[in-house]
Amino acid sequence: MSQLSSQGSNAIIYTTYGFMLITALFLAWKFANSSQFLQSNGTQRGVPLALNFIASAMGVGILTTYAQIANISGLHGLLVYTICGAIPIVGFAFVGPIIRRKCPEGFILTEWVRHRFGIVTAMYLSFFTCLTMFLFMVGELAAIRGAIETLTGLNALGAVIVECGVTTIYTFFGGFRISFITDNFQGACVLILIVICAAGMGSYIEIDPSKVGPSGLLKANKLGWQLVYILFVAIVTNDCFLSGFWLRTFASKTDKDLWIGTSIAAAVVFVICTLVGVPGFLAVWSGDLTVGDEMGYNAFFILLAKMPRWVVAFVLIFCVVLSTCTFDSLQSAMVSTISNDLFRNKLHLNITRCLVILVMVPIVVLAVKVADNILQIYLIADLVSAAIIPAIFLGLSDRLFWYINGFDVMTGGLGALLGVFIFGTVYYGSAKEGGKLLLIWNGIYSAEDWGAFGAFVIAPFGGLAITFASAGLRISVLYLISKATGKPFTALERPVTPEIQESESIYGSLDEEEDKKTTALDA
């Protein structure tokens, strides 16, 4: 491989980390304030929001995951993956304003769940939210470790520890506000990375035209059609577990800004992820890999080896910046979630800052010991979110589903997971295999195995069915008790919740009221 010297590689890596640390600390000194340590509600316009949603949607892992699906399922599978990854971003522009009207003082999804379903359901969701972000943080460290070791041949353990230290230091001082700003760097770096790599591959990669047709990678295939459903359900629901998206949703100044930000972000994410996935089949056509190769995830780096060292150096820099910005977004979102859900944002600022350090301890330990195996758990998080999120979102409609309560939601979510286990046991004829399906042990990239597809059908729809069944049974029992005791039956009474009217958003309305007051005082 066209590798840099060990001295040159170390210089690039640690100089980049140093630059990120100094820059972020300067931004923290210049812009940070205590009121925006956990959130920045109603402060951001469309373009900065777009850059932040782009940054939150991708890390170094995009260089391997999209190439892998392209190598297995070709252009069909790649486009399915990128479209399913982009569309959910726009979903925050649909759902965000509704939740913000119902819970204007909140800044993450769990706060609205607390208002709608109660504290127990909120803690139930908070547990899975924090677990998902925890796994994503470990996964990001695994991704940057793999990228550095592939690009340089060095042991990247030291770089991983340094990255954790760098983000912890500047997040300690700046919180979410600085994470929001550094994400702008990430957005710019991704675009530069794509331009350089696209130019390099166009110049240095030789394609054998005779291999294009026989590879079948440009044809539709069964796996690609299966993934239309699986990936859409998995990504839509799993994005709802990521508090970073909700923090940015609430940070939008108006609903219009939210629409602009998410629309731009979705388009850019689609283009970028498609481009980084293309090496998955370019490597086949260049003769470096075969279709479905076990090294397909490494296609980007295999092709990069054919390019000059200066290109490798640029990619190394941008990988470090990309990973650092993604990691600090997850880190600040984790702290904001814990502070809100467990401590109701009543901790002293210095204690909250200490949370930034505390959450890093288990992440670093796990990343160092078992990072190579942690990416499999992403699929588990996807299945869990597919079971839990649909039932929770029933609460958005007070007109249709006012009678659904927290017990129903939790019964539906946990019952759906049990349903997946039962399905797997029946489908494979073994309880052991049913348990493995619950862990998505065999992955989702097999066109002949419909187990994963069935699991992702049962998780959301089974969860909804069990939620309604729980509500029906609960209401029936309460009705019978009411008849037997003579007490009033109140299970179907609609709760009285005052509606909050807004023009563009609650924050836009407050700004307009403030402008009116200022005008009146001037007059």
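Note that the coordinates shown come from a computational prediction; the quantities given were computed from them, not determined experimentally.

J.: Looking at this structure, I do not really get the pattern of salt bridges. What am I missing?
T.: Here the structure, examined in full by the defined rule, presents 10 salt bridges. We note a salt bridge from aspartate 398 to lysine 102, for which the minimum N-O separation is 2.9 Å. One end of the pair, aspartate 398, is in the loop between helix H16 (377-393) and helix H17 (406-428); the other, lysine 102, is in helix H3 (residues 62-102), with 296 residues separating them in the sequence. By relative accessible area, which is 28% here, lysine 102 ends up partly exposed. Residue glutamate 433 is joined to lysine 436 by a salt bridge in which the shortest nitrogen-to-oxygen separation is 3.5 Å. Of the two residues, glutamate 433 and lysine 436 both sit in helix H18 (residues 431-438), 3 residues apart, roughly one turn of that helix. Classification of glutamate 433 by relative accessible area gives partly exposed; the value is 22%. If you follow the salt bridges from partner to partner, you end up with Lys102, Arg116 and Asp398 in one network.

J.: Please clarify how the nonpolar core should be interpreted in this entry.
T.: For soluble globular proteins, the rule of thumb is that nonpolar side chains tend to be buried together. Residues Leu63, Trp112, Leu304, Val315, Ile444 and Phe456 are the most contacted members of the largest nonpolar core, which totals 160 residues. Residues contacting tryptophan 112, with those up to four places away along its chain left out, are Ile99, Lys102, Cys103, Phe117, Ile392, Gly395 and Leu396.

J.: Would you take a moment to explain unusual backbone geometry for this structure?
T.: Negative phi values dominate among residues other than glycine, just as trans dominates among peptide bonds. Here the phi dihedral of arginine 344 falls at roughly 55°; this positive angle occurs in a residue that is not glycine. In this fold, arginine 344 is placed in the loop between helix H13 (309-343) and helix H14 (349-358). With relative accessibility at 30%, the residue arginine 344 sits in the partly exposed group. Of note in the backbone geometry, asparagine 345 takes a positive phi value of approximately 60° without being a glycine. On the secondary structure map, asparagine 345 appears in the loop between H13 and H14. Given the relative accessible area of 32%, asparagine 345 is considered partly exposed.

J.: How should I be thinking about a nonpolar patch on the surface in this particular structure?
T.: Residues Leu473, Val477, Leu478 and Ile481 make up a contiguous nonpolar surface patch of about 340 Å² in total accessible area. Take isoleucine 481: it is sitting in helix H19 (residues 451-485). Given the relative accessible area of 44%, isoleucine 481 is considered partly exposed.

J.: Explanation requested: the side chain of threonine 110 in the structure shown.
T.: With respect to the helices and strands, the residue threonine 110 is situated in helix H4 (residues 109-117). Overall, the relative accessible area of 3% leaves threonine 110 in the buried class. Contact partners of threonine 110, with chain neighbours within four places excluded, come to Ala122, Leu125, Ser126, Thr129, Asn340 and Asp341.

What counts as what
Residues numbered from 1 in each chain as written. Predicted model: local features only at pLDDT ≥ 70, side-chain atom pairs only at ≥ 80, totals over all residues. Heavy atoms only, no water. Salt bridge = Lys/Arg side-chain N within 4 Å of Asp/Glu carboxyl O. Helix = DSSP H or I, 4+ residues; strand = E, 2+ residues; numbered from the N terminus. Buried < 20%, exposed > 50% of the residue type's maximum accessible area, 1.4 Å probe, protein only. Core = buried A, V, L, I, M, F, W, Y, C linked by side-chain atoms within 4.5 Å. Contact = heavy atoms within 4.5 Å. Patch = residues over 30% accessible without salt bridge, like charges linked within 9 Å, V, L, I, M, F, W, Y side chains within 5 Å. Areas by Shrake-Rupley, 256 points an atom, 1.4 Å probe, with all protein chains shown as cover.

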